[in-house]
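# Summary of the model geometry
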Amino acid sequence: MVFSSLTFLYYFLPIVLIVYIFLPNRIAVPLGKEKSLVIPARNLLILLTGFFFYAWGEPFYVVIMLFSTLIDYTAGRMMDKFDDRPKIRTICLIVSVCMNIGLLAVFKYSDFIFDTVNSVFGTDITNPVILANRAINDIYNFGLSEDKVALPIGISFYTFQSMSYTIDLYLRKIKVQKSFIGFTSYVTLFPQIVAGPIVRYEDVAAEIEDRKVNIGKISEGIAKFSKGLAKKVLLANNIGIIWTEVKAMDYSQISAATAWLGILAFTFQIYFDFSGYSDMAVGLGKMLGFNFPKNFDHPYLSKSVSEFWRRWHITLGTWFREYVYIPLGGNRRGMAKTLRNLLIVWALTGLWHGASWNFVVWGLYYGILIIIERVGFGKILEKLPSAVSMLYTFLITVFGWVLFDTDSMGKAWQFFKAMFGAGGSFADSTAKYIFSSNILIFIICIFASTTIFGKLAAFLRKKKRLIYAYAVPAAVVCVMLLCTSYLVDSSYNPFLYFRF
Amino acid sequence: MLKKKKRLNLPNLITCIAFFGILIFMAVMTIVLPKQDFLEMENKYAEKLPKFSAKAVFNRTYMNKTENYISDHFAGRIGWIKARTVLETSLGKRERNGIYILDDRLVEKIPEPDYSSVDKAIAAINKFAEGNDIPVFTMIVPTSAEIYADELPENAPSADQKEFINYVYRNLSRSVNTIDVYPVMFSNRDDYIYYRTDHHWTTKGAYLAYAAAGKKMGYDPVPLELFDVEHAGIDFIGTFYSKTLYDGVEKDIMDIYHLNGEYQVTEVAVTSDFGKDPEIYESMYFREYLDKKDKYAAFLGTNVPIVEIKSENSGGKLLIIKDSYAHCYAPFLTQHYSDITLVDMRYINMSLNKVIDVSGYDQILILYNASSFMTDTDIRKLGYGQ
């Protein structure tokens, strides 16, 4: 299920929330004298609804999520039980990490690996996962994909989350979760299961045990959720149509202006879509009593590439820093090791976004730029006027999106050429029409990428308390009505993270 | 000691009540309001509530259909869509669901044709014309998007139909007689020759083409003055309206042209399914459709494989290979032919000769509008068995 659908908004969400609000954290069922069974009611509800939410989109692969959860939970319990046996603890960690990486390797990267091997060695090996799918289809007729491995939605998010638990437990940063319901509710927590943010166990450990829900938190969550919904449905979907059109064109024929408008449209689409999803997740979390970490902080205002990545998909950056970069030695083992570590982290970050060379190149592109900034260019950037360094960073990001979303390196190269006029003309009638019919949405997106609305809200909150107080419910109602009208007739409402 | 009273934050309470209020109200209304099987305004069938089965769940059709069901039956669906159209047009957007919104009409956004596909249709027509020793005529009618191209939003992409029609006519072999109606349509563009809210031409538009084709096809067209015009369909809102639900364009009027005292139609035989006997009607005008949304179907009904019109006239027999533009065109021809057979190639999946005896006709007319000819993949079936 996706948040931006009528089914989720009007049925799943109100039913789950209302039951949830009136449920206590725990219910004690008396069993005879002095004995009672304590049911963690809210966690159980989160677990069940999370499964339903996930299975709605992945009715078959929900088994994989359950399997992964079971292994990580058991690994956690074993580590706790053999607290004084370092070897067993290490084995537990290795099992958990290998299992999670293994799931990613099989379900996300196996096609990519076999395609690469086949094209390098001229072989024709069929991916065993495909063979397995065919065998299962022969028996059960599930309609599993027989030519490409279908990526289970959100697998990159929940495997990374589960790993944060076992790794931190191994490092003794957190306490073990003894309740299976408690641990599973962390993994299946529906607000963040399909598109992040990557909530580490540490972030919510206390709230899994005990959390409070009140009108203040719920209304705060509603406001955040509405903001995210508006970003996704009103901004991202509307500007995304432009990119969908341009992306399908023949890059050798398009004018430079068309190419620029197209990729700028994607630049805004991916930001508002992704940060919109994160906002919705954070908002839903609030309504349920959780505090998820911030995932985006106006990234297009960054003055360097390093800063951009501190403000874009923050939880992913944190994850790679905590569990890859620092364990590799970070920047404390000399220049050569630091550079190596950066390249590894960025190649992996790229690959995390999808199994294709485009993503690897995209990741390394950022890795190299960050290294360049580290060895001195960053100092120069700091001295430049902020308009210049912001424009530099923005353009770098825009070029990055070409690598990210053109499907193959050959197409990316063609698109780059089109951006610099290889299509013949600077601006043809197509570009003029795209520009004149979408100028308003571009302007709105530009303003919405800045802190201007945040500053306005902060001003009202401070100086005009009353106006601010009532502006929130008014805005929520407007967003709900507008988004509903866009969702009822949604010919274009894509889910962009199916490759993550 | 007085207990400190907890201050209730009113705006927060309003936020919660408003949010959940909207959600619950709409969700409940959607469930309780009566459901329609056919969404008439949008001219499409609504999704049915899916049946639960393990297979439907595992291949996700159950979920997809449930989502479509909720969306199709969502309370106030038409109102929500209209609100969006009003909002967007008031913000200056002139395009919606592949339709351009002009000042006083809606026209279709027609993408550039795929010429390799068009060439196949042309080749099939050539093969068909050469394989049958009967005069073949082709008429490709420009649509309103071409005739009113100058009213489109600035720089709006739209295929050049005039160029397209010329391309087709140039590539048809000499055994095909081409009838160019672009000049007559364009010079009468100030007249009411296309519907404002539908993709068809009006009866007047069809008349102009009929009159212009007379010379080539060898008949003297009946003068316009002799017809009694009946405004049969009032407040007609067509397919373009269905796609936009835009109320800013005046509704259409659908006319029927009557010719009293002249040759009358004796029988209209409609074959909707092969292998079944045709249904016989007395009139070309199916008046029950005049009270429905799809009023254009009053001309010879909806699209079916074969319609045969017999009239008192003693003229020749005419075969029309056509799209729905022919439906309001064919009535004029009953003054010149004893027997007119209309064939819709979409439903013919074998050699045409197996369905009807082509050699029994005196003339063959291939009549399409340019937009449907551009994307059609069924005309190429004319080449079968030739």
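Residues numbered from 1 in each chain as written. Chains lettered and ligands numbered in written order. Predicted model: local features only at pLDDT ≥ 70, side-chain atom pairs only at ≥ 80, totals over all residues.

## Notes on the overall build of chain B
- Along its length, chain B carries 13 helices and 15 strands.
- Counting across all 386 residues of chain B, residues that qualify as buried make up 37%.
- Contacts in chain B between residues at least 24 apart in sequence constitute 71% of all its contacts with a sequence separation of at least 6. (Helix = DSSP H or I, 4+ residues; strand = E, 2+ residues; numbered from the N terminus. Buried ≥ 20, exposed ≤ 12 C-beta atoms within 10 Å, placed from the backbone. Contact = placed C-beta atoms within 7 Å.)

## Points about the confidence of the model for chain A
- Looking at chain A as a whole, its pLDDT mean stands at 90, while 99% of the residues score no less than 70.
- Across chain A, the element-wise mean pLDDT spans from 82 in strand 1 (residues 27-30) of chain A up to 95 in helix 10 (residues 256-288) of chain A. (pLDDT = per-residue confidence, 0-100.)

## Some thoughts on the packing of helix 9 (residues 215-247) of chain A against helix 17 (residues 429-449) of chain A
All names here are of chain A.
- Relative to each other, helix 9 and helix 17 sit at 140°, their axes nearing to 10 Å. Classified by the angle between their axes, helix 9 and helix 17 sit oblique to one another. The interaxial crossing formed by helix 9 with helix 17 has left-handed handedness. Residues Leu 235, Asn 238, Ile 239 and Ile 242 of helix 9 form the contact with helix 17, whose participating residues are Ile 434, Asn 438, Ile 441, Ile 444, Cys 445 and Ala 448.
- In the contact of helix 9 with helix 17, the residues fall into eight nonpolar, two polar and no charged. (Axes fitted to C-alpha atoms, helices over the stretch in contact; angles between N-to-C directions. Parallel < 35°, antiparallel > 145°, perpendicular 65-115°, else oblique. Left-handed = near helix turned anticlockwise from the far one by under 90°. Nonpolar A, V, L, I, M, F, W, Y, C, P; charged D, E, K, R; others polar.)

## Points about the domain arrangement of chain B
Residues and elements named next belong to chain B.
- What the domain assignment reports for chain B is domain 1 (11-75) and domain 2 (114-383).
- On a C-alpha basis, the centres of domain 1 and domain 2 stand 40 Å from each other.
- With four residues of domain 1 at the interface, the matching set in domain 2 holds five residues.
- Each residue belonging to the side of domain 1 that touches domain 2 can be placed in one class, and the counts come to one nonpolar, one polar and two charged. (Domains from an automatic or database assignment.)

## With respect to the sheet that holds strand 12 (residues 306-311) of chain B
Residue and element names in this part refer to chain B.
- If you walk across this open sheet you meet the eight strands as 7-6-15-13-14-12-10-11, and the pairing is mixed. Taken across any chain shown, the strands that pair with only one partner, and hence form the sheet edges, are strand 7 (176-179) and strand 11 (279-281). Strand after strand, the sheet turns through a mean of 20° between neighbouring axes, direction not considered.
- Two strands pair when backbone bridges link them, and strand 10 (residues 265-271) and strand 12 are joined in this way by six bridges, in the antiparallel orientation. Each bridged residue has a counterpart across the sheet, and for Glu 267 the counterpart in strand 12 is Lys 310.
- Sitting on the sheet, helix 9 (residues 203-217) is in contact with strand 6 (136-141), strand 7 and strand 15 (363-369), with an inclination near 155° to strand 6. (Pairing = 2+ DSSP bridges.)

## Some remarks on the interface of chain B and chain A
- Contact residues are listed per partner, giving 42 residues for chain B and 40 residues for chain A.
- Put simply, the parts of the chain that give the side of chain B that touches chain A at least two residues each are helix 1 (10-32), helix 2 (54-58), helix 3 (61-72) and helix 4 (77-90) of chain B.
- Element by element, the count of residues in the side of chain B that touches chain A is highest for helix 1 of chain B, at 14 residues.
- Taken together, the residues of the side of chain B that touches chain A break down into 24 nonpolar, nine polar and nine charged.

## Comments concerning the nonpolar core
- The biggest cluster of nonpolar side chains holds 220 residues, and the ones touching the most others in it are Ile125(B), Met139(B), Ala209(B), Ile320(B), Tyr329(B), Ala330(B) and Leu367(B).
- Considering every element that reaches this core, the biggest residue donor is helix 10 of chain A, with 20 residues.
- If we ignore the near neighbours within four places in the chain, the residues touching Ala209(B) are Met139(B), Val141(B), Val181(B), Val184(B) and Tyr329(B). (Core = buried A, V, L, I, M, F, W, Y, C linked by C-beta atoms within 7 Å.)

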